[in-house]
Amino acid sequence: MSRTPPILTPPETPGASGLQLGSPTARKPYHFSTLCATVDNPNAKDQYGSSSVPIYQTATFKGMGGEYDYTRSGNPTRSHLEHHLAKISNARHAFAVSSGMAALDVITRLLKAGDEVIAGDDLYGGTNRLLAYLKAHQGVTVHHVDTTTPESLHPVLKAGKTAMVLLESPTNPLLKIADLATICSDIRARAPDAIIVVDNTMMSPFLQRPLEHGADLVYDSGTKYLSGHHDLMAGVIACNRDDVAKKIAFIINAVGNALTPFDSFLLLRGTKTLAIRMERQQSTAIQVARYLSNLGFLVHYPGLEDHPGHELHKKLASGPGAVLSFVTGDKEMSERIVGATRLWGISVSFGAVNSLISMPCVMSHASIDPAVRAARGLPEDLIRLCVGIEDPNDLIDDLEVALLQAGAIKAGQVGLVRTNPTYNPRAHGSVLNKAIEKLADRVGNARVDEEAPDTDWMVSAPGKVILFGEHAVVHGVTAVAAAVDLRCYAISSGRDDGKINLNLPDLNFNNTWNVEDLPWDAVNTSVAPGEPHPPELEPGLVEAITARALPVVDEGKPAGYKPAVIAFLYIYMTISSKDYRFKSVRFLLVNTKVPRNTKSLVAGVGLKKQQEPELVNGILERIQAISDEARRALLDPELERSELLKALESLIDENHAHLVTLGVSHPALEKIREVTAEKGLHAKLTGAGGGGCAVVLLPDAIDDKALNELVQALEKEGFEAYTTSVGGGGLGIMSPYVERSDEDKAVAEEDFVAKPAVELAQWAADRGRWLYT
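Along each chain, residue indices are assigned from 1 in the same order as the chain's sequence is written. Per-residue local features of the predicted model are confined to residues with pLDDT of at least 70, and side-chain atom pairs are confined, for both listing and counting, to 80 or more; whole-chain, interface and lining totals are unaffected and use all residues. Each side-chain value is derived from all of the structure's non-hydrogen atoms; neither hydrogens nor water enter the calculation.

1. Some points on the packing of helix α11 (residues 331-340) against helix α13 (residues 392-406)
Where α11 meets α13, the axes come as close as 8 Å, and the angle between the chain directions of the two elements is 135°. Considered as vectors, α11 and α13 are oriented oblique to each other. Between α11 and α13 lies a crossing of right-handed hand. Contact with α11, carried on its side by Met 333, Arg 336, Ile 337 and Ala 340, involves Ala 402, Leu 403, Gln 405 and Ala 406 of α13 and no other residues of that element. Each axis is a line fitted through C-alpha atoms, taken for helices only over the stretch in contact, and angles between the N-to-C directions span 0 to 180 degrees. Only DSSP runs of H or I reaching four residues or more are called helices, and only runs of E reaching two or more are called strands; each is numbered from the N terminus. An angle counts as roughly parallel when it lies under 35 degrees, as roughly antiparallel when it exceeds 145, as roughly perpendicular when it falls between 65 and 115, and as oblique in every other case. Handedness of each helix crossing follows the sense of rotation of the near helix against the far helix: counterclockwise by less than a right angle gives left-handed, clockwise gives right-handed. Pairs of residues are marked as contacts when any of their non-hydrogen atoms sit within 4.5 Å.

Spelled out as structure tokens, the structure:
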């Protein structure tokens, strides 16, 4: 960690006697660790010269006209603490209150009804809870934005309206980085009266001092790093503005939440070792983060060079801190990991000398509605690690045992590797990847020699549509989705140069892979010629292909190539065959051509659930019943076809009505329902709503004339309609083990490329036996 820069000490602080810094006898400014250990206040000398600040454990003070009269208004022990906190925060004023949330409560009392607040979308759960209360009961408008992009504040930053901007950097628990200096500058230019507040708890004054970047108020939970031992509750507010400080002092005195004398003594004692504690904690955190990253986990920690905010954070702070988080891809696995640790204590909070582990979504952030968490990108499987001062080897060993016991890692031929790793966009160049390359060299080359040169592969992939359960799925309700029989196809011929190529001409996609670079480590079984195909795809292999083999395509090009590429690459590991999930049903897929904001729609449902929980919970229960009933009907082999379609018509109408109540429909979607209802058909929105697409159930008896009339009526309204069926196969691969003639094996690529799209499906079906997921 880089050495912390010296802080210019206030005039009354020892070491700043009024001499000019250029004078031969002038002392240099103290460094942070020296400031922490130096608690003297020249303006409040103890009458007995005690080396430790005494505890003035009293409620009242005798006499009249003295500096102190009542501890709620002032106390010598707390005055010493506040002077010390101002010094290490490089602030003119500092205040100590009963907790970090009490500090934020004091700050938000500066607001009044009608004011607007801008806050981040990745916040501590308690902060989110208080803001939600202010919004619901105090008439304060709260805008949540992604503060990692300064421009995201501009649309809601209004002069005369925006009264406060609340920032965190790094955020908790995803450790996103906000450009504090740029944001403060933007606010000064666009809404100069807005008060800029920064929660600096994750960093403490040791690593970051936001007042130096333009903030008006900075608050810390003194319970965390400032105290360091989790044996007291405290909050700290620091500022340089005299006018704001005067208001803060009034509120604290009026409310009566100032820190007690004994807790002031404990916090003062804790700050003396802040620098040395954080240096050790941060050093260990860096080792833990690298360990997890090398295993292939996606780690959120600004100390890693591949963190998107790494360089920006280096400009704002002198170190990355001692809190990190990572995802496993499986909530239950995360729970097993947390439960299997021994040195890592399972607890909320952070900043103590003892290391802690937690799952924010079920602990510190559980008060945030699941829908809101989903909309803000907070993973349910996220694990947060708060590193203490234990020996780093012991902490890593304990974590490794927990990962092994939970099944998150396993012993490979070249050390420990992840089991079924999920997508990690920043895992390039890790130790794990080097191990994979060695393994791939052995496995991959063998497959090139044995299979690739004389085999032609044809693959196909379907679209997907949600039939029932949109939005409710975010709140734990089962959704019913199905493959759409609007497929894309691809063909590939064998090569003998250690590479494979896939060309999707209709999507303008053409890519070549080195076989040895494919994720062979994720293969658990392989299918030899003549062997039966496994009943299901290996999910870990599909995830590995998705994470590590899909190429990056230029922005603006279609993304529909992904399912076909996954199916194609899967053939090098294993092939699956499965009967259709349920009966195929004909639908008309109608595109409104109205763009939608999925994140906003999901958040809107979450907010409605907060405001009207009885109504929304009732809807969610009914949608769950709809999904269950639809699934039973679609899977029931004895249900008459006419009864199935009749049941689906009723469920479609009911499901859509509930989605309308949730506020996620759109006039364009309602127009589609109006047009189709005139033909006696039933339609509903699919996906997030707010535009997007609708599905129209088509009866088996509908003839081509009636269908064409319906399509023309929809196109007249500006919509696009596609006839399809749902419930068919998923990823498809034409089996290379089925006997075919030499002529069939020699299918020319140019024939495939030249085949019109409308004829491609039948042409592909005639080529041979297809295997579907």
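Don't stop here, the text continues.
2. A short note on the packing of aromatic side chains
Within a pair of aromatic rings, the relevant descriptors are the distance that separates the centres and the angle that separates the planes. Ring pairs are drawn from Phe, Tyr and Trp, using the six-membered ring of Trp, whenever the two centres fall within 6.5 Å, and their geometry is named by plane angle: stacked under 30 degrees, edge-to-face over 60, tilted for the rest. A full pass over the atoms with the stated rule returns four aromatic pairs. Ring centres of Phe 61 and Tyr 68 lie 5.6 Å apart, and the angle between their planes is 35°; this geometry places the pair in the tilted category. Residues Phe 61 and Tyr 68 agree in their burial class; the two are buried. An angle of 55° between the planes, with centres 5.8 Å apart, marks the rings of Tyr 225 and Phe 350 as tilted. Here Tyr 225, found in the loop between β6 (217-221) and β7 (235-239), pairs with Phe 350, found in the loop between β10 (345-346) and β11 (356-358); they are 125 residues apart in sequence, far enough to count as distant. Given a relative accessible area of 1%, Tyr 225 falls into the buried group. Each residue's exposure class comes from its accessible area (1.4 Å probe, protein chains only) as a fraction of the maximum for that residue type: buried when under 20%, exposed when over 50%, partly exposed otherwise. Residue Phe 350 is classed as buried on the basis of its relative accessible area of 4%.

3. Quick notes on the sheet that holds strand β1 (residues 93-97)
Ordered by their spatial adjacency, seven strands build an open sheet running β1-β7-β6-β5-β4-β2-β3, and the pairing between neighbours is mixed. Looking at which strands have only one partner, the edges of the open sheet turn out to be β1 and β3 (141-145). Averaged over all adjacent pairs, the angle separating strand axes in this sheet is 20°, with direction ignored. Note on pairing: two strands pair once DSSP finds at least 2 bridges between them. Of the pairings in the sheet, the one linking strand β4 (residues 162-168) to strand β5 (residues 195-199) comprises five bridges and is parallel in character.

4. Side note on the pattern of salt bridges
Within this document, salt bridges are pairs made up of a side-chain nitrogen of Lys or Arg and a carboxyl oxygen of Asp or Glu, the two lying within 4 Å of each other. Tallying each qualifying case throughout the model produces 15 salt bridges. Close ionic contact of Asp 105 with Arg 109 constitutes a salt bridge, the shortest N to O distance being 3.0 Å. In this structure Arg 109 comes out as partly exposed when scored by relative accessible area, which is 46%. The structure contains a network of salt bridges with shared partners spanning Arg 188, Asp 216, Arg 241 and Asp 243.

5. A look at a negative patch on the surface
For patch detection, residues must exceed 30% relative accessible area and be free of salt bridges, and they are connected within 9 Å for like charges or within 5 Å for nonpolar side chains (Val, Leu, Ile, Met, Phe, Trp, Tyr). Accessibility throughout is a Shrake-Rupley quantity obtained with a 1.4 Å probe, and a residue counts as covered only by protein chains that appear here. Within this scheme the basic residues Lys and Arg register as positive and the acidic residues Asp and Glu register as negative, but His and the chain ends are omitted. Charged groups are reduced to one reference atom each: NZ for lysine, CZ for arginine, CG for aspartic acid, CD for glutamic acid. A cluster of acidic residues, Asp 330, Glu 332, Glu 335 and Glu 543, forms a negative patch on the protein surface. Mapped onto the elements, Asp 330 comes out in the loop between β9 (323-327) and α11.

6. Let's talk about the nonpolar core
In this text, buried Ala, Val, Leu, Ile, Met, Phe, Trp, Tyr and Cys residues form a nonpolar core when linked through side-chain atoms within 4.5 Å. If you look at the biggest cluster of nonpolar residues, it comprises 66 residues, and the most contacted ones within it are Leu 292, Phe 297, Val 299, Tyr 301, Leu 324, Leu 385 and Leu 403. Of all the elements, helix α9 (residues 274-295) adds the most residues to this core, at 10 residues. With residues up to four places along the chain from it excluded, the contact list for Leu 324 reads Leu 175, Ala 285, Val 288, Ala 289, Leu 292, Val 299, His 300, Tyr 301, Ile 383, Arg 384, Leu 385 and Val 387. Counting 31 residues, the second-largest nonpolar core is a separate cluster that includes Leu 130, Leu 217, Tyr 219 and Ala 258.

7. Digging into the side chain of Thr 592
As for its position among the elements, Thr 592 is in the loop between β19 (585-591) and α17 (598-611). Each polar contact in these results corresponds to two N or O atoms within 3.5 Å; when the atoms are within protein, one needs to be able to donate a hydrogen and the other to accept it, and residues that are neighboring in sequence are counted only if both atoms are side-chain atoms. Side-chain polar atoms of Thr 592 contact the backbone nitrogen of Val 594, separated by 3.1 Å. Reaching out from Thr 592, the side chain makes a polar contact with the backbone oxygen of Gly 692 at a distance of 2.7 Å. With near-sequence residues (within four places) excluded, Thr 592 lies in contact with Ala 668, Leu 669, Ile 672, Gly 691, Gly 692, Gly 718 and Phe 719.

8. Regarding α11
Taken residue by residue, α11 has Met 333, Ser 334, Ile 337, Val 338 and Ala 340 as its buried positions. Residues of α11 that are buried in the fold lie against β10, β11, β12 (383-386) and α13. With a side-chain oxygen lying 2.9 Å from the backbone nitrogen of Glu 332, the N-terminal cap of α11 falls on Asp 330.

9. Section: the confidence of the model for the chain
As a per-residue measure, pLDDT reflects the predictor's confidence and takes values from 0 up to 100. Residue-level pLDDT values for the chain average 81, and 75% of them are 70 or greater. Taken together, the stretch residues 422-455 has pLDDT below 50 and engages in 61 contacts with residues farther than four places along the chain or on a different chain. Counted against residues more than four places away or in other chains, residues 575-581, with its pLDDT under 50, gives 32 contacts.

10. Comments concerning the pairing of strand β21 (residues 693-697)
The two faces of the sheet receive side chains in turn, since in a regular strand these alternate between them. Within β21, four of the five residues are buried, which leaves it mostly tucked inside the rest of the structure. Looking at chain direction, β19 and β21 are connected through five bridges and run antiparallel. The residue bridging Asn 591 from the neighbouring strand is Cys 693, located in β21. Pairing of strand β20 (residues 682-686) with β21, which is carried by five bridges, proceeds in the antiparallel orientation. In the sheet register, Ala 683 faces β21, and the bridge partner there is Val 696. Where β20 folds back on β21, the antiparallel hairpin that results is connected by six residues, among which Gly 687 adopts a positive phi of roughly 85°.

11. Quick word on the environment of Asn 90
By secondary structure assignment, the location of Asn 90 is in the loop between α2 (76-88) and β1. Note on Asn 90: relative accessible area 29%, which makes it partly exposed. With 121 residues separating them in the primary sequence, Asn 90 and Leu 211 have C-alpha atoms 7.8 Å apart. Polar contacts involving the side chain of Asn 90 include one to the side chain of Glu 212, which spans 3.0 Å.

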